[in-house]
Amino acid sequence: GDIFYWICRGGLVSVAEKFLEKLSSWDTREKSTSTNNLEENRALGKGWKLEILQSGLRAACEFGHDKLVLMIMNEVEEAKDKIKICEDVMELAVKSDRGPVVKVVVEHIVNIKKEIIDLATERKVPEVIDILLEATTNESDKKRLELYSSDNIMKQAREQKENFAKTDNILMKVPKS
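So, here's what we can say about the structure. Keep in mind it's a predicted model, so treat the numbers as computed, not measured.

Overview of the overall build of the protein
Line of reasoning, step 1. Scanning the protein for helices and strands turns up eleven helices and zero strands.
Line of reasoning, step 2. Of the regular secondary structure in the protein, the N- to C-terminal order runs α-α-α-α-α-α-α-α-α-α-α.
Line of reasoning, step 3. Relative to its 177 residues, the protein shows a buried fraction of 35%.
Line of reasoning, step 4. In the protein, once contacts between residues fewer than 6 apart in sequence are set aside, the share between residues at least 24 apart is 62%.

A look at the packing of helix H9 (residues 126-135) against helix H10 (residues 139-146)
Line of reasoning, step 1. One way to put it is that H9 packs onto H10 with a least axis distance of 9 Å and a crossing angle of 160 degrees. Put simply, H9 runs roughly antiparallel to H10. Like other packed secondary-structure pairs, H9 and H10 cross with a definite hand, here left-handed. Judged by residue contacts, Ile 129, Leu 132 and Leu 133 of H9 engage Lys 142, Leu 145 and Glu 146 from H10.
Line of reasoning, step 2. Of the residues contributing to the contact of H9 with H10, the split by class is four nonpolar, no polar and two charged.

Some thoughts on the side chain of Lys 49
Line of reasoning, step 1. Examined against the element boundaries, Lys 49 turns out to sit in helix H4 (residues 38-62).
Line of reasoning, step 2. On the accessibility criterion, Lys 49 (14% relative accessible area) is buried.
Line of reasoning, step 3. Every residue in contact with Lys 49, bar those within four places of it in the chain, is listed here: Leu 23, Ser 24, Glu 75 and Glu 77.

Re the pattern of salt bridges
Line of reasoning, step 1. Scanning all chains against the criterion turns up eleven salt bridges.
Line of reasoning, step 2. Here Arg 123 ties to Asp 97 by a salt bridge, and the two come within 2.8 Å at their closest N and O atoms. Within this pair, whereas Arg 123 is found in helix H8 (residues 114-123), its partner Asp 97 is found in the loop between helix H6 (79-95) and helix H7 (99-106), the two being separated by 26 residues in sequence.
Line of reasoning, step 3. Relative accessible area serves as the criterion here: at 34%, Arg 123 is assigned to the partly exposed category.

Side note on the environment of Leu 20
Line of reasoning, step 1. As for its placement among the helices and strands, Leu 20 is situated in helix H2 (residues 13-25).
Line of reasoning, step 2. Taking C-alpha positions, Leu 20 is 8.8 Å from Leu 53, a pair spaced 33 residues apart along the chain.

Looking at the packing of helix H5 (residues 66-75) against H7
Line of reasoning, step 1. Contact geometry of H5 with H7 gives a least axis separation of 8 Å together with a crossing angle of 15 degrees. By the angle class used here, H5 and H7 are roughly parallel. For the pair H5 and H7, the crossing hand works out as left-handed. Judged by residue contacts, Asp 66, Val 69, Leu 70 and Met 73 of H5 engage Pro 100, Val 101, Val 104 and Val 105 from H7.
Line of reasoning, step 2. Of the residues in the contact of H5 with H7, the class split is seven nonpolar, no polar and one charged.

Side note on unusual backbone geometry
Line of reasoning, step 1. One non-glycine residue, Asp 97, adopts positive backbone phi at about 60 degrees.
Line of reasoning, step 2. Notably, Lys 124 is not glycine yet its phi reads approximately 55 degrees, a positive angle.
Line of reasoning, step 3. You can see Lys 124 is positioned in the loop between H8 and H9.
Line of reasoning, step 4. Of the residues examined, Lys 124 reaches a relative accessible area of 44% and is grouped as partly exposed.

A few points about the packing of aromatic side chains
Line of reasoning, step 1. Evaluated as defined, the whole model comprises two aromatic pairs.
Line of reasoning, step 2. The interplanar angle of 10 degrees and the centroid separation of 4.8 Å between the aromatic rings of Phe 4 and Phe 19 together place this pair among those described as stacked. Taken together, the residues Phe 4 in helix H1 (residues 2-9) and Phe 19 in helix H2 connect sequence positions 15 residues apart.
Line of reasoning, step 3. By relative accessible area, which is 0% here, Phe 4 ends up buried.
Line of reasoning, step 4. Relative accessible area serves as the criterion here: at 24%, Phe 19 is assigned to the partly exposed category.
Line of reasoning, step 5. Ring centres 5.6 Å apart and planes at 85 degrees place the aromatic pair Tyr 5 and Trp 6 in the edge-to-face group.

Here is what the cut-offs are and how they apply
Residues numbered from 1 in each chain as written. Predicted model: local features only at pLDDT ≥ 70, side-chain atom pairs only at ≥ 80, totals over all residues. Heavy atoms only, no water. Helix = DSSP H or I, 4+ residues; strand = E, 2+ residues; numbered from the N terminus. Buried < 20%, exposed > 50% of the residue type's maximum accessible area, 1.4 Å probe, protein only. Contact = heavy atoms within 4.5 Å. Axes fitted to C-alpha atoms, helices over the stretch in contact; angles between N-to-C directions. Parallel < 35°, antiparallel > 145°, perpendicular 65-115°, else oblique. Left-handed = near helix turned anticlockwise from the far one by under 90°. Nonpolar A, V, L, I, M, F, W, Y, C, P; charged D, E, K, R; others polar. Salt bridge = Lys/Arg side-chain N within 4 Å of Asp/Glu carboxyl O. Phe/Tyr/Trp six-rings, centres within 6.5 Å; stacked < 30°, edge-to-face > 60°.

Laid out in structure tokens, this is it:
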């Protein structure tokens, strides 16, 4: 898992692709010596693979590599595993301040935790806020997020521009001495 973490941390997409190809082709029947039961071997291999994917996903989220996040999520086979690992890395995705990273992760989360909303509103990154705003169902969270949304920021900018224009017009009427 550590090697994949460093590959993803560095944003090495082509190296990660090769690593994932090898990981997918790895045959658990040949690697496991602790048991002869095929089902147990598959379960061991699945757990091992998921650990490696989760390690890479942490790095990809933390350093904002959206292509790697998407690539890794495509390798996670079961929906329940996707939900679990996405819940685990959601904070890192928000801290990356990268909308595309948050978008991939939030697609697999059922309920966005209050701590994530708090973190996003503290960081005030409109691209991230907009994605969370679209994904959240809690009305009070929506209201908090709307304060920092792209639409609200653009509205505030337009209002400021209008106020500056009014102030500028008033200043033009003041006689020069």
